[in-house]
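Listed here are the chains, written in short residue letters.
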Amino acid sequence: MWSGDDLDLDAYLARIGFGTEAASGELRPDLGTLYAVHRAHTTAVTFENLDVLLGRPVELDVKAIEDKLVHARRGGYCYEQNSLLAAALERIGFEVSGRGARNRTRGDSLTAVTHAVLVVTVEGEPWLCDAGFGYQGPCEPVPLGRPGVEVRQGEWTYRVREEEAGVLVLCVLRGGAWRDLYAFSPQRYHPVDYVVLNHYSSTHPRSAFVSRVIAQRPGDAVRLALVGRELTRLHPDGRIEREDVGPDELIAVLDREFGLRLSGRDEAEVVRIQRAGD
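Values in this document were obtained by computation on a predicted structure and should not be read as measured data.

Participant: Where do I start with the packing of aromatic side chains in this structure?
Facilitator: Geometrically, a pair of aromatic rings is defined through the distance of the ring centres and the angle of the planes. Under the counting rule described, the total for this entry stands at 9 aromatic pairs. Ring geometry for Tyr35 against Trp127: centres 5.9 Å apart, planes inclined by 75 degrees, an arrangement best described as edge-to-face. A residue pair is termed long-range when its members are at least 10 positions apart, and Tyr35 in helix 2 (residues 31–44) and Trp127 in strand 4 (residues 125–129) qualify at 92 residues. When the centroid spacing of 6.3 Å and the interplanar angle of 50 degrees are considered together, the rings of Tyr182 and Phe184 count as tilted. Given a relative accessible area of 0%, Tyr182 falls into the buried group.

Participant: What's the story with the pairing of strand 2 (residues 95–103) in this structure? I'm lost.
Facilitator: On a regular strand, one side chain projects to one face of the sheet and the next to the other, so that they alternate. Of all 9 residues making up strand 2, 7 are buried, and the element is well covered by its neighbours. Pairing geometry for strand 2 and strand 3 (residues 113–122), over 8 bridges, is antiparallel. Residue pairing for strand 3: Gly100 is matched across the bridge by Ala116. With 3 bridges connecting them, strand 2 and strand 9 (residues 177–184) associate as antiparallel partners.

Participant: Mind showing me how you'd approach the sheet that holds strand 13 (residues 240–244) here?
Facilitator: Pairing between the strands of a sheet is mediated by backbone hydrogen bonds and can be parallel or antiparallel. Judged by pairing direction, the sheet is antiparallel, and its 5 strands sit side by side in the order 1-10-11-12-13 without closing on themselves. The strands lining the two open edges of the sheet, one partner per strand, are strand 1 (47–48) and strand 13. Of the pairings in the sheet, the one linking strand 11 (residues 223–227) to strand 12 (residues 230–234) comprises 5 bridges and is antiparallel in character. Across the sheet, residue Ala225 finds its bridge partner in strand 12, namely Thr232. Across the face of the sheet, helix 7 (residues 247–258) comes into contact with strand 10 (214–217), strand 11, strand 12 and strand 13 while running at roughly 155 degrees to strand 11.

Participant: Is there a simple way to explain the nonpolar core in this structure?
Facilitator: Note on soluble globular proteins: their nonpolar side chains tend to be buried together. Within the largest apolar cluster, 47 residues are counted, with the highest numbers of intra-cluster contacts made by Tyr12 and Ile16. Of all the elements in the fold, those that place two or more residues in this core are helix 1 (9–15), helix 2, helix 4 (62–71), helix 5 (78–92), strand 3, strand 4 and helix 6 (191–203). No other element matches helix 5, which puts 9 residues into this core. In terms of nonpolar packing, the next biggest core, distinct from the first, is built from 20 residues, Leu144, Trp156, Val160 and Phe184 among them.

Participant: It is not clear to me how the packing of helix 2 against helix 5 should be interpreted in this structure. Could you clarify?
Facilitator: The angle between the axes and the distance between the axes are what describe a pair of packed helices. Orientation of helix 2 relative to helix 5, taken along the N-to-C sense of each, is 150 degrees, at an axis distance of 11 Å. With respect to helix 5, the element helix 2 is oriented roughly antiparallel. When the axes of helix 2 and helix 5 are compared, the crossing they make is right-handed. In contact with Thr33, Leu34, Val37, His38 and His41 of helix 2, helix 5 contributes Gln81, Leu84, Leu85, Leu89 and Ile92.

Participant: Can you walk me through the packing of helix 4 against helix 5 in this structure?
Facilitator: In contact at an axis separation of 10 Å, helix 4 and helix 5 are set at 110 degrees when each is read in the N-to-C sense. One way to sum up the angle between helix 4 and helix 5 is to call them roughly perpendicular. Taken together, the residues of helix 5 that come into contact with helix 4 (itself represented by Val62, Ile65, Lys68, Leu69 and Val70) are Glu80, Gln81, Ser83, Leu84 and Ala87. Residues that form the contact of helix 4 with helix 5 fall into these classes: 6 nonpolar, 2 polar and 2 charged.

About the cut-offs
- Residues numbered from 1 in each chain as written.
- Predicted model: local features only at pLDDT ≥ 70, side-chain atom pairs only at ≥ 80, totals over all residues.
- Heavy atoms only, no water.
- Phe/Tyr/Trp six-rings, centres within 6.5 Å; stacked < 30°, edge-to-face > 60°.
- Helix = DSSP H or I, 4+ residues; strand = E, 2+ residues; numbered from the N terminus.
- Buried < 20%, exposed > 50% of the residue type's maximum accessible area, 1.4 Å probe, protein only.
- Pairing = 2+ DSSP bridges.
- Contact = heavy atoms within 4.5 Å.
- Axes fitted to C-alpha atoms, helices over the stretch in contact; angles between N-to-C directions.
- Core = buried A, V, L, I, M, F, W, Y, C linked by side-chain atoms within 4.5 Å.
- Parallel < 35°, antiparallel > 145°, perpendicular 65-115°, else oblique.
- Left-handed = near helix turned anticlockwise from the far one by under 90°.
- Nonpolar A, V, L, I, M, F, W, Y, C, P; charged D, E, K, R; others polar.

Here you go:
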């Protein structure tokens, strides 16, 4: 389903700093491998929207994602990140299915289903896997079959709670309070469904991704997010540090904080867009 056979798995593993164990057939579809691949991916690959900002189409076929995120060492947003992760996990031998989620970080308003997540089944137990929710997302799998169980990841704690009709909600503990991140139903999503959601997210004028720079990275301690001109450092105890990033500083921040390097032409265009928004 996820075109895992088309993925250069060794190149992917090298990109995320995992090594090339797959070449000798040593990777097994077990929980240890799932944890290791998920953590390595979220550590290595930045969440970012720069191609959307530059008006370029976001292609979701595996080879296009591989070219961008693996060989060009760029980042991407949820459809790219989780499609790549799904292809790699499928290639290793995992059972992978998709889900569509509603973002709940924006208050009580009902949002559309625009976030892509994965459910990976290991020895009959389902695990939430998500490499594409930016700086607030999990760095490791979260168990789905045991709602309410708290999972510690570095200095961050997650849990999944269940609502009516089988809806599951991923929550994070921050500043002593549980906060909803997103909710998803049991309905399975397929790659073709993400093509439709991706079209909205990359082209609709009301999409959060089309008009401002977004680059984010999760971490065991501090979480980083650049949205427009604001660079945010989020701490598990609820502290938030903010600083302004002007157009003249933008390229250096993208490189230093997020490991993103662009061509000279793309750098100039991203800076122009940033300056036009002032």
